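# Descriptive analysis of the structure
Below, each chain spelled out in residue letters.
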Amino acid sequence: MTQIAKHNSQLNAICTLDEDNARTRARLADEALARGENWGALHGVPITIKDIFETAGLRTTAGYIPLKYYVPQQDATAVARLRAAGAVIMGKTNMAELAADYQSTNSLFPRVNNPWHLDYTPGGSSGGSAAAVAAGLSPLDLGNDFGGSVRQPAHFCGIYGLKPTDRRISTAGQIPEVPGMPLSIRQMMTVGCFARSIEDIRLCFSLIAGADLRRPDVPPVPLDRPSGKPLQHLKIAWSAEWAEVPVASEIRAAMESIVQTLSDAGVQTERWLPKDFDLSKILNLYGRISRLSRWEVLSSAPLS
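These numbers were taken from a predicted model, which means no experiment stands behind them.

## Things to note about the nonpolar core
By size, the foremost hydrophobic cluster in this structure holds 33 residues, and its most contacted members are Ile49, Phe53, Leu82, Leu142, Ile175 and Ile208. Tallying contributions element by element places helix α6 (residues 198-208) first for this core, with 4 residues. Sequence-distant contacts of Leu82, that is, excluding residues within four places in its chain, are made with Leu42, Ile47, Ile49, Ala87, Leu142, Cys204, Leu207 and Ile208. Counting 12 residues, the second-largest nonpolar core is a separate cluster that includes Ile4, Ala13, Val112 and Ala132.

Structure below.
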């Protein structure tokens, strides 16, 4: 909390702080340990949650004015699983409005700033998540990714982020879709996480992945560890850039260096892009979905 009090006013990474409840929960965690109780892998660990996930009893806005006073009665599935592992939720992290921008600005809260340079963006839509973890306000944050909302902010803020395989983690309780409205996004929308180490990412993923009765399309696939097969048996496809998104020369050089290192180690690498792949169509589709979600909120009864 000291780090949050010192830096959050400049970063605007945390938009809703639940300090009293977090301190109470932390105290209970200490008392439980003193009794020899263990709540789980995250016993007493303070974390934050992107403001796109429903949190029971704690405001969830998705950075959107019609949801300004929305307080869910139930946790999103991924949030519930982190709580069940013993995590202490300190608050919600700021984001792009309805997760629909590559910066983290909205009409409810001040813009999120990059902790490495306050005049720069931390990326989006999970800018608050990445900024909070990078600045040490939180060791772990739950985010989501459709078109880069975990990967881009993690890169901009110099931390680790994971966009898992589609349907490995339940999206139940995530906005969009807006509360009470039919599902409109069925593909590519994933739940991911931010941390300052690969080990923490791996732990978080193991806790939140798996089948969920609220999302029957999430299969009960076991989380097997890699088999340790020889590198010569691995095949990796890679691409330097898309035509619509030019890549900086430094990034291209780093990618080519990694590919060369893998190739030298015996991995089979191939530079590849799907035939007739048109990124602009995907981005346009995402824009239409976001506008539809806004229309659904405006056409529904006010949430309170």
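## A look at the side chain of Ser125
Along the polypeptide, Ser125 turns up in the loop between β3 (88-93) and α4 (127-134). With relative accessibility at 0%, the residue Ser125 sits in the buried group. When residues no more than four places from it in sequence are discounted, the contact partners of Ser125 are Lys50, Asn94, Met95, Ala96, Ala99, Ala100, Asp101, Gln103, Ser104, Asn144, Ser149 and Pro153.

## So, helix α1 (residues 2-11)
Turning to α1, its buried residues are Ile4, Asn8 and Leu11. Each buried residue of α1 lies within a common arc of 65 degrees when the element is viewed along its axis, so the set occupies one face. Of the exposed residues in α1, the ones pointing more than 90 degrees away from its buried face are Thr2, Ala5, Lys6 and Ser9. Residue Asn12 follows α1 closely and has a positive phi angle near 55 degrees.

## Re the sheet that holds strand β2 (residues 46-50)
Read from one edge to the other, the open sheet built from 6 strands follows the order β1-β3-β2-β4-β6-β5, with strand pairing classed as mixed. Unpaired on one side and paired on the other, β1 (14-17) and β5 (160-162) mark the two borders of the sheet. Pairs of neighbouring strands in the sheet enclose a mean axial angle of 30 degrees, with direction left out of account. Looking at chain direction, β2 and strand β4 (residues 140-145) are connected through 2 bridges and run parallel. Counted as the bridge partner of Ile49 is Leu142 from β4.

## Details of the side chain of Asp51
Along the chain, the position of Asp51 falls in the loop between β2 and α3 (77-84). Asp51 sits in the buried class, given a relative accessible area of 1%. Polar contacts involving the side chain of Asp51 include one to the side chain of Thr61, which spans 2.4 Å. In this structure the side chain of Asp51 is engaged in a polar contact, spanning 3.4 Å, whose partner is the side chain of Lys92. Those residues in contact with Asp51 that sit more than four places away from it in its chain are Cys15, Arg59, Thr60, Thr61, Ala62, Gly63, Lys92, Thr93, Met95 and Phe109.

Rules and cut-offs
- Residues numbered from 1 in each chain as written.
- Predicted model: local features only at pLDDT ≥ 70, side-chain atom pairs only at ≥ 80, totals over all residues.
- Heavy atoms only, no water.
- Core = buried A, V, L, I, M, F, W, Y, C linked by side-chain atoms within 4.5 Å.
- Buried < 20%, exposed > 50% of the residue type's maximum accessible area, 1.4 Å probe, protein only.
- Helix = DSSP H or I, 4+ residues; strand = E, 2+ residues; numbered from the N terminus.
- Contact = heavy atoms within 4.5 Å.
- Arc of directions from axis to C-beta.
- Pairing = 2+ DSSP bridges.
- Axes fitted to C-alpha atoms, helices over the stretch in contact; angles between N-to-C directions.
- Polar contact = N/O pair within 3.5 Å; in protein donor to acceptor, adjacent residues only side chain to side chain.

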